[in-house]
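A closer look at the structure
The residues making up each chain are set out below.
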Amino acid sequence: MLPLTSLAAPKGAVPPAPVAAKKAVVDTYHATKVDDPYQWLEKSDDPEVRKWVDGQMAHMRAVLDKLPSRDAIRARLTTLMTHKSPGYFGMVQKGGVFFAMKIQPPRPQPMLVVLSSLEDPSTARVLVDPVEVDPSGKTTIDFVKPSPDGKKVAVSLSKNGTESGDVTVYDVATGKPLPGEAVVPRVNGGTAGGDLTWNGDGSGYFYTRYPRGEERPAEDRDFYQQVYFHKLGTPTEQDTYELGKDAPRIANFHLRTSEDGAYVLAILGNGDGGEYALYLRGPQGTWTQVSKFEDKLTDDAVFGQDGGLYALSLKDAPRGKVVRLSLATPMLEQAKVIIPEGKAAIAGFRPMATRLYVVEQLGGPAQLRMVGLDGKDLGLVPTPPVSSVGGLVSLGGDDLLVSTSSYTQPYTVQRYSAKDGTFTQTSLGRTSPVDTSNVVVDRVMCTSKDGTQVPLNILHARGAKQNGNNPTLLTGYGGFNISLSPGLNPLNFAFIEQGGVVAIANLRGGAEFGEEWHANGSLTKKQNVFDDFYACAKLLVDSKWTKPERLAIEGGSNGGLLMGAALTQHPEMYRTVLAHVGIYDMLRVELTPNGQFNTTEYGTVKNPEQFQAMFAYSPYHHVKNGTKYPSVLFTSGENDPRVDPFHSRKMVARLQEATGSKRPVLLRTNNMGHGIGTPLNERIEEEVDVYSFLFNELGIKYQPVNGKVAAPAPK
């Protein structure tokens, strides 16, 4: 990637944003002609494109660097984001050894550690620190997979936000790469992801393999993922094929091994839309297809301790049901329903010795239910209200670790004793960098265009007045079956402590109420997501929390698409927009590698009905000349493997050309990726730009704080 040069302007001067040339291009889709004058901006390595990006960056820097209180904002955000409290996540126990990823600000990247005691994190020993591998801080750990005996661990490492991860096997005792062991390249990627699972005796592992060398044309090398087996101590060129030759071009695999090592499960995903097929490798080394895409088993399938295979099924059960299959005869028609569909959507589960722990989605918040292996309801595990529940880790028997968090309480990890039904707090969670005791969370319902009730979570200081004048930040996502669950985000409090209100919408397209909720926000029904978001914004205004002149919106990735649709469909509703790594040209997104994986979620222009649906909301194609658009800060990553940065470039060019207002439209890009693996110091600098812009656009005069959110002063 060519460097992003820093162009200096005379002190005090703001160089104008470079005007993008318009070059006549017309594409035809199903007899519909579509102008695309900025298609030339798609070529990232074109010198003309680099010159335009450099000019945009110079303009952006000159605008943002002049904003007031940047030093104070930087100091506050640095305090919040480098809070010294460590955190542990991704915990797994193998061979009596606990492995975990550790966050330890101001370290730029999470580290892999082993823990001798769950009660005493000081026993943590660093096994792999990406900064020791790469002092630049731009190498990150994609995933870790310990061997069954806990003596070895396979680690995928990628650089510069590319998510292109190579696997190294480390000796747990020494913390060094295993002598004589090959590094296996490109196990992980930004399109199909990546995974591996060990065989029973730890002598090798099954892994996801992308095409290498000249095996396929260059345009196919981010596709056609397959499953191979690597035997330790042998060259990777000798790895053997296992599965996937007949899989779709947009195949992606998840891999799991039974506790006894006799069986391997491969879960084949058909792109990103939520379709899966399951394959089982038995003791004889042969693969059997357990389910097809149309059978609607999900990627939530795990081996039980009782010798069964448990899977979440959506067949005639959009909120999910759990079925059990026999490993000896894994025939779907003989599967037994253990947990039938209920009122809550099943978000995940963990089979244990005598019961299953089931995470149930309640429209964003979650709860944890216990069900016997015979299907008998054993009641709820007590968890905080309006919280997220996850990180279920077996401790043997029916005991487990449970992670919870809420909008006002930090991530905590507790040990649950099944015998007496009690929790014991561990020290593996984090403390909060801010006193949240004066923050209130209101959960309300908004009525969307078609009458659907959409949850909205409103965070504000106790005593805040609904006077129609509060600076307010509304966020959402609405896609890919992803739920926006409660969690403490310190940056929310950087806004609330300045008198702001934060609102988080649970939109269709997510998994908050199950597959029907997701399906009604995908493919030809994607417009529902944007209608839901507008309904949430309208409620904030109608209920006097704010007014359009003081309402900001923010979203990233699929949420960036949401931002583009929001500002083009209702530009009068928002004062400023923060759009991160978003998709804005829905007609050409599938020409990029990850865009093809997205077709099972968004649709394809090859299908006439889906084309019409996407063209109807594609933000880039609905920018209108002379419209007074809100101010917008677009952020993107030059190495982004998920959303090509050309989307932001084209959208910025079109908005700068068309807007009838004098509000800024800025492009901020970096040499990282989608946000995954961005070093902490670079994340801080980006947030300083974002919040300086946000405060200035909403008319907030920044006031230094003491770390506690104060009640509003009497008027």
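Residues numbered from 1 in each chain as written. Predicted model: local features only at pLDDT ≥ 70, side-chain atom pairs only at ≥ 80, totals over all residues. Heavy atoms only, no water.

Focus: the overall build of the protein
Within the protein, the regular secondary structure consists of 12 helices and 38 strands. Computed over its C-alpha atoms, the radius of gyration of the protein comes to 25 Å, within 12% of the 27 Å expected for a compact globule of 715 residues. Taken along the three principal axes of its C-alpha coordinates, the protein extends 70 × 60 × 50 Å. Here the protein holds 715 residues, and the buried ones make up 58% of them. For the protein, restricting intrachain contacts to residue pairs at least 6 apart in sequence, the fraction spanning at least 24 positions comes to 59%. Element-wise, carbon and sulfur atoms account for 51% of the exposed surface of the protein, whose accessible area totals about 28200 Å². Side chains of the protein give 75 positive and 77 negative charges; the mean places of these two sets differ by 5 Å. (Helix = DSSP H or I, 4+ residues; strand = E, 2+ residues; numbered from the N terminus. Rg over C-alpha atoms; globule rule 2.2 N^0.38 Å. Buried < 20%, exposed > 50% of the residue type's maximum accessible area, 1.4 Å probe, protein only. Contact = heavy atoms within 4.5 Å. Areas by Shrake-Rupley, 256 points an atom, 1.4 Å probe, with all protein chains shown as cover. Lys, Arg positive; Asp, Glu negative; His and termini not counted. Charge placed at Lys NZ, Arg CZ, Asp CG, Glu CD.)

Brief notes about the confidence of the model for the protein
In low-pLDDT regions, the fine details of the predicted coordinates are not to be read closely. Of the residues in the protein, 97% have a pLDDT of 70 or more, and the chain-wide mean is 96. Across the protein, element-level confidence peaks in helix H6 (residues 527-542) with a mean pLDDT of 99 and bottoms out in strand S30 (residues 422-425) with 92. Note on residues 1-9: pLDDT under 50 across the span, and 19 contacts to partners over four residues away in sequence or across chains. (pLDDT = per-residue confidence, 0-100.)

Topic: empty space enclosed by the protein
Scanning the model with the defined rule gives one cavity of 30 Å³ or more in all. Reported here for the largest cavity is a volume of approximately 40 Å³. Together, Phe530, Phe533, Tyr534, Leu562, Ala565, Ala566, Gln569, His570 and Tyr574 line the largest cavity. Elements with a contribution of two residues or more to the lining of the largest cavity: H6 and helix H7 (558-569). With four residues, H7 is the single largest residue contributor to the lining of the largest cavity. Of the residues that constitute the lining of the largest cavity, the class distribution is seven nonpolar, two polar and no charged. (1 Å grid on protein atoms, 1.4 Å probe; cavity = no way out; pocket = protein on both sides within 12 Å on 5 of 7 lines; lining within 4 Å. Points joined across faces, edges and corners; volume = space filled by probe spheres on them. Nonpolar A, V, L, I, M, F, W, Y, C, P; charged D, E, K, R; others polar.)

Description of the nonpolar core
Among the nonpolar cores identified, the biggest contains 103 residues, and Leu474, Phe634 and Tyr691 are the most heavily contacted of them. If near-sequence neighbours (up to four positions away) are discounted, Leu474 is found in contact with Leu456, Ala503, Ala505, Phe533, Cys536, Ala537, Leu540, Leu551, Ala552, Ile553 and Glu554. One finds Tyr263, Tyr276, Ala301 and Leu325 within the second-largest nonpolar core, a separate group that totals 15 residues. (Core = buried A, V, L, I, M, F, W, Y, C linked by side-chain atoms within 4.5 Å.)

Looking at the pairing of strand S7 (residues 139-146)
By the criterion of burial, S7 is predominantly enclosed, with six of the eight residues buried. Count of turn residues in the S7/strand S8 (residues 152-159) antiparallel hairpin: five residues, of which Gly150 carries a positive phi of about 75°. (Pairing = 2+ DSSP bridges.)

A word on the state of the cysteines
All chains considered together, the criterion is met by zero disulfides. Cysteine Cys446 shares no disulfide, and the gap to the nearest cysteine sulfur, in Cys536, comes to 3.7 Å. The exposure class assigned to Cys446 is buried, which follows from its relative accessible area of 1%. (Disulfide = S-S within 2.5 Å.)

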